[in-house]
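Results of the structural survey
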Amino acid sequence: MQATWHLPNGQTVTATVKPGLNLMEAAVANTIPNVIGECGGSLSCATCHVVVDPAWAARTGPPSGFEDDMLDVTDADRQPTSRLSCQIKMTEALDGIILHVPG
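Structural notes, computed from the coordinates. Per-chain numbering applies: the sequence of each chain, read as written, is numbered from 1 onward. Residue-level local features of this predicted model are given only where pLDDT is at least 70; pairs of side-chain atoms are given and counted only at 80 or more, and the full residue set underlies all totals for whole chains, interfaces and linings. Only hydrogens and water are set aside when side-chain values are computed; all heavy atoms of the structure are taken into account.

1. Structural notes on the sheet that holds strand 5 (residues 97-100)
Stated precisely, the cut-off is as follows: Pairing between two strands is assigned when DSSP locates at least 2 bridges connecting them. Where helices and strands are cited, they refer to DSSP runs of H or I of at least four residues and of E of at least two residues respectively, numbered from the N terminus. A fitted line through C-alpha atoms serves as each axis, taken over the contacting stretch for helices, and the angle formed by two N-to-C directions is quoted from 0 to 180°.
The 5 strands are arranged 2-1-5-3-4 in an open sheet whose pairing can be described as mixed. In this open sheet, the two edge strands, each paired with only one partner strand, are strand 2 (12-16) and strand 4 (82-84). Put simply, the sheet's adjacent strands are angled 35° from each other on average, direction ignored. Bridge analysis of strand 3 (residues 49-52) against strand 4 gives 3 bridges, and the strand direction is antiparallel. Bridging across to strand 4, Val51 finds its partner in Ser82.

Below is the structure:
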């Protein structure tokens, strides 16, 4: 399965992601800039903020209540389809997902 990150500098990175792996872990493993995951995916830092491409937003669903609160404290401005990538697990339904990394 594949995920693509659109970077702030206009470049894109596409990587293979194993099912069940969260997209923060996949981003860190593929050295995606600006996706840090300081807390290791424990939903306590918001350093894995991404903007899900609108075409994929319905498939990832909305943020949970606590994730929604954490998105209010991200470094980059929150967008309507902002998510914490640690909360998105790769599934067959997300194969080909496109994520935008805020600058």
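2. Focus: the packing of aromatic side chains
Defined as follows: A pair of aromatic rings is counted whenever rings of Phe, Tyr or Trp (Trp by its six-membered ring) have centres within 6.5 Å, and the orientation is called stacked for planes under 30 degrees apart, edge-to-face for over 60 and tilted otherwise. Both a distance and an angle decide whether a charge sits over a ring: NZ of Lys or CZ of Arg must be within 6 Å of the ring centre and within 35 degrees of the ring normal.
If you walk through the whole model with that rule in mind, you get 0 aromatic pairs. Across from the ring centre of Trp56, 4.1 Å away, lies the NZ or CZ of Arg59, which sits over that ring.

3. A few points about the environment of Ala27
Selection criterion: Any pair of residues with heavy atoms lying within 4.5 Å of one another is described as a contacting pair.
Of note, Ala27 is situated in helix 1 (residues 23-29). The contact partners of Ala27, leaving out residues within four places of it in the chain, are Trp5, Ile32 and Val35.

Everything listed here is a matter of coordinates, which is why it stays silent on function.
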